[in-house]
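# A structural walkthrough
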Amino acid sequence: MGQVQREVSKLLQKHGTNNPWEIVNQKGILLFFDELGDIWGYYNRFVRVPMIHINNELTEFNSRFTCAHELGHHLLHPNVNTPFLKKNTLFCVSKIEREANHFAIHLLTGGDKPYPDETKQQFLLRNGIPVDMHCFY
Ligand SMILES: [Zn+2]
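Residues numbered from 1 in each chain as written. Predicted model: local features only at pLDDT ≥ 70, side-chain atom pairs only at ≥ 80, totals over all residues. Heavy atoms only, no water.

Under an unreviewed UniProt entry, the chain has the name IrrE N-terminal-like domain-containing protein and belongs to Paenibacillus antarcticus.

### Let's talk about the packing of aromatic side chains
What counts here: Pairing of aromatic rings covers Phe, Tyr and Trp, the last counted by its six-membered ring, and requires centre-to-centre distances within 6.5 Å; plane angles under 30 degrees mean stacked, over 60 mean edge-to-face, and any other angle means tilted. A run of H or I in DSSP becomes a helix once it reaches four residues, and a run of E becomes a strand once it reaches two; helices and strands are each numbered from the N terminus. Only protein chains enter the accessibility calculation, which uses a 1.4 Å probe; a residue whose area is less than 20% of its type maximum is buried, one above 50% is exposed, and one in between is partly exposed. Here, a charge over a ring is recorded when the distance from Lys NZ or Arg CZ to the ring centre is within 6 Å and its angle to the ring normal is within 35 degrees.
Tallying each qualifying case throughout the model produces two aromatic pairs. Here the aromatic rings of W21 and F33 are separated by 6.0 Å at their centres, their planes lie at 40°, and the arrangement is tilted. You can see W21 sitting in helix α2 (residues 20–27) and its partner F33 sitting in strand β1 (residues 30–34), a full twelve residues away along the chain. The partly exposed category is assigned to F33, whose relative accessible area is 44%. Judged by centre distance (5.1 Å) and plane angle (75°), the ring pair of Y42 and F84 falls under edge-to-face. Placement of Y42 in strand β2 (residues 39–46) and of F84 in the loop between α3 (60–76) and β4 (85–86) is noted, with a sequence separation of 42 residues between them. The lysine or arginine in question, R126, covers the ring of Y115, its NZ or CZ lying 4.0 Å from the ring centre.

Printed below as a string of structure tokens:
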């Protein structure tokens, strides 16, 4: 099991949910919904207080994924200045972005498995993962 999967299973055990909103709330991470243009979200710390910023124009589906991705930065890259998550750079790119995407996918699928008659795409959509991210599964 890789580091990302280990973090996710610890988290599921500790918080008893794979709902990123609920976990962020339990962890006391401050959540802001801001006007961010083409940025989906970002993670930062201010005077050591962890914060997640999410674009207030995203659909519920995409903002939930963004929340899971930024939560991944909080757990995996707490001291890194993480890049903005942008729609057209979802694939990107840097190691930490790929790790945060893997984290989000493992969290949101939460150990779930596809139904026998379900395609990978249907399975991932059912678990809240945008199509652009399916290559990370
Ligand atoms: Zn990111």
